[in-house]
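Residues per chain, in single letters:
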Amino acid sequence: MLDYQLLEKLCKADSPSGFEEEVREIVISEIKDYADKITVDNMGNVLVFRKGMKTPKKKLLLSAHMDEVGLIVTDIKSDGTLKFAEVGGINDTAVFAKQVKVGKNKISGVINAKPTHLLSADERKKVPSKDSLCIDIGAKDKEDAEKYVSLGDMVTFDSPYENKNGRIISKAIDDRFGCLVLIEMIKSELPYDMYFSFVVQEEIGLRGAKAAAYTINPDYAIVIEATTAADVPFAEDEKRVCLVGGGAVVSFMDRSTMYDKEFYQIARSANAKTQTKTMIAGGNDAGAIHCSRGGVRTIAVSVPCRYIHSSSSLASVDDMESVFEVVKYTAERILSNVE
Amino acid sequence: MKEILKKLCIDKGVSGSETEMLDVIRELVGDFAEVSADGMGDILVTMGDKNAKKHIMFDAHMDRIGLIVTYINENGFIKAEPVGGIDLRTLQSSAVKVLAKENILGVICTMPPHLSKNDDELSKDNIWIDTGLSADEVKNLVSLGDKIIVCSEFRELLNHQVAVSALDNRAGCAVLVKCAELLKDKEIPCRLSLVFSVQEETSELGAGISAYSLEPDEAVVIDVGFAKQDGVPDEKSGKIGCGAIISISPVLSKKVTDKIKAVAKRLDMECDYEVCGGSTGTNADKISSSRGGIMTGCISIPEKNMHTQVEVVSLDDMEKTAKLLATYVQEGGVVNA
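Predicted model only: the values in this text are computed from it and were never measured.

Q: It is not clear to me how the overall build of chain B should be interpreted in this structure. Could you clarify?
A: Within chain B, the secondary structure is distributed over ten helices and 17 strands. Relative to the compact-globule value of 20 Å for 337 residues, chain B shows a C-alpha radius of gyration of 20 Å, a close match. Seen through its C-alpha atoms, chain B measures out along the principal axes to roughly 65 × 40 × 35 Å. Here chain B holds 337 residues, and 58% of them are scored as buried.

Rendered as structure tokens:
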């Protein structure tokens, strides 16, 4: 079993894009006794080399991103409330009336909501645009708020974590789960030398992965991610994309990448439950890695996750175990071909 | 006040399931006041001189809004409907707690962006809850009729404000408890009934029942009212920190309202006013027309984001309101009633 206590710690860390410090500290403290080389680059990516039993002719990179979606303070209004922008893709529905934490000191705040009693019938049926909302920290006025908050402060969800009967509900499973898989790989006995990157700023344009892939200069890459599952009661057939409980998701194509066909077959042949996506949806760091330098043969293995990019996403422990098995198997098979 | 409020802000007590609140109220006031419950579940706390001619009733509803389980499908998803005026907009992507044999965390089902259309309308007929558990596990733990609440944690904001769900009206309940504490070693010149009433959010049921049974000379209702915030008109709201909002309405007794105003003035409370053209939308509407009519007043604690999981009130306002009520009792309520 993967270390789910560590996953809880990783998910509870507050690290939206550009504020990856908390997760980076956890990652480094977990791997420092196992990794052969750890570098933090100029963007904040953690680049790791881990020696295995053999040195293959080609370089394999395993990558996951440390950042999560969040908000950022853009203005302090005269009444002491805070205007904000999204960091990464967040729906209006995910923000409305949520509890949040603001800044390094994690000041408690709430996203305001005009009382339903005062709305028109039409207004009641639609979640308002996040541009019309603000964060209330209880400040009396702008001057009072400025004692606690600065422009550019990060804002993260204040939401529960629960691991019960084999399912996990939490914020930031995307992609702290990927970080967990990388950490577990680094802690294990590897059959071959491998490179790892814990990257920044995936949610705002695959930025960290681009730099990490350049620096490590791999031949092959495996991206470990969480991906959207839409298997809810009002979605049918192919529109569900993938299923929670359906196993590790290996896609042939998404919005940013055509995946390597041989690696796809290898991943699907692992001795673990796998599925593929039934829609061309989503995208991840593979989009930046596969076209790095002279090209990198790339595959992504993801845990299916409902309500991704919200304060409460949901994923299955069995699926997580499957992803780990598929990643281990695929990494070994890819490198054994080039021994 | 904070500790009292924290104890009252439990998950349980969605309209129709208020019985669990009895233990909490007993723990808070049972040492110095008589606590009982009527057939509907209203909790009655009696203080003062039982044989006094004058009988004052304070009412705060203790139920909270929520959802109720109506169906479990073959994949274990739970269908639910609102209990009380829950704001459908707040349900999207929210964590909820199913109050079943074991409490289970769940999430309200939402469509991911690639499948949702911008003109999708929220509807109370399409609320599904995902616990992630198998259909067998769900059916084993959850029964039709179980209640569900939207999750939120008791969080302190700046300037003695707190944010959590169910402050409507656990804030009013906390004020009554504090009022009882303030009066416990004092001479009370009347009979005082503190009523923690059921099912306000669905039908104002409990207050009408208890007013009928208790037959008080006068009553004051303590609820939450709109606090000033973006989009809320000034005339319908009071400023957080003002102390309390005093209601003025045709259904309310001028004598009681004037008495409340006079006490507030003596205590140097600023207070805001809310004038209603008709009924108040609180238990005062039911109480004032109970039996042959009961003189009733209404005080509200300013609250932001009403009927959401991020309701906000000021602990200072609650302290002041408790003091106001205690003083009202010590002065014997409306003179010559």
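Q: Sorry, what's going on with unusual backbone geometry here?
A: A negative phi angle characterises most non-glycine residues, just as the trans form characterises most peptide bonds. Backbone torsion omega between Asp174 of chain A and Asp175 of chain A reads 10°, so that peptide bond is classified as cis. With respect to the helices and strands, Asp175 of chain A occurs in helix α6 (residues 173–187). Asp168 of chain B connects to Asn169 of chain B through a cis peptide bond whose omega is 10°. Residue position: Asn169 of chain B is located in helix α5 (residues 167–183).

Q: What is the right way to look at the domain arrangement of chain B in this model?
A: Interfaces are often described in size by the accessible area the parts lose on coming together. All names here are of chain B. Partitioning chain B into domains gives domain 1 (2–63 + 165–330) and domain 2 (66–150). Taking only C-alpha atoms, the centre of domain 1 and the centre of domain 2 are 31 Å apart. Between domain 1 and domain 2, the residue contacts involve twelve residues of the former and 13 residues of the latter. Split by residue class, the side of domain 1 that touches domain 2 holds one nonpolar, eight polar and three charged.

Q: Would you take a moment to explain α6 of chain A for this structure?
A: Each full turn of the α-helix corresponds to 3.6 residues, which orients residues three or four apart in the same direction. Here α6 of chain A is 15 residues long and its end C-alpha atoms lie 20 Å apart, about the 21 Å a rise of 1.5 Å per residue gives. Most of α6 of chain A is tucked away, with 13 of its 15 residues classed as buried.

Q: Could you clarify how one ought to interpret the packing of α6 of chain A against helix α10 (residues 317–336) of chain A in this entry?
A: Pairs of packed helices are described in terms of their axes, by the angle between the two and the distance that separates them. All names here are of chain A. Where α6 contacts α10, the two axes come as close as 11 Å, and the packing angle between them is 45°. Our classification of the angle between α6 and α10 gives oblique. Where α6 crosses over α10, the two elements pack in a sense that is right-handed. In this structure, α6 uses Phe177, Val181 and Glu184 to contact α10, whose residues at the interface are Met320, Val323, Phe324 and Val327. Each residue belonging to the contact of α6 with α10 can be placed in one class, and the counts come to six nonpolar, no polar and one charged.

Q: Please explain the domain arrangement of chain A as it appears in this structure.
A: Residue and element names in this part refer to chain A. We note that the domain assignment places domain 1 (4–68 + 171–336) and domain 2 (70–157) within chain A. Every contact between the two is made by twelve residues of domain 1 and, on the other side, eleven residues of domain 2. Of the residues that constitute the side of domain 1 that touches domain 2, the class distribution is three nonpolar, five polar and four charged.

Criteria and cut-off values
Residues numbered from 1 in each chain as written. Chains lettered and ligands numbered in written order. Predicted model: local features only at pLDDT ≥ 70, side-chain atom pairs only at ≥ 80, totals over all residues. Helix = DSSP H or I, 4+ residues; strand = E, 2+ residues; numbered from the N terminus. Rg over C-alpha atoms; globule rule 2.2 N^0.38 Å. Buried ≥ 20, exposed ≤ 12 C-beta atoms within 10 Å, placed from the backbone. Domains from an automatic or database assignment. Contact = placed C-beta atoms within 7 Å. Nonpolar A, V, L, I, M, F, W, Y, C, P; charged D, E, K, R; others polar. Expected span 1.5 Å × (residues − 1). Axes fitted to C-alpha atoms, helices over the stretch in contact; angles between N-to-C directions. Parallel < 35°, antiparallel > 145°, perpendicular 65-115°, else oblique. Left-handed = near helix turned anticlockwise from the far one by under 90°.

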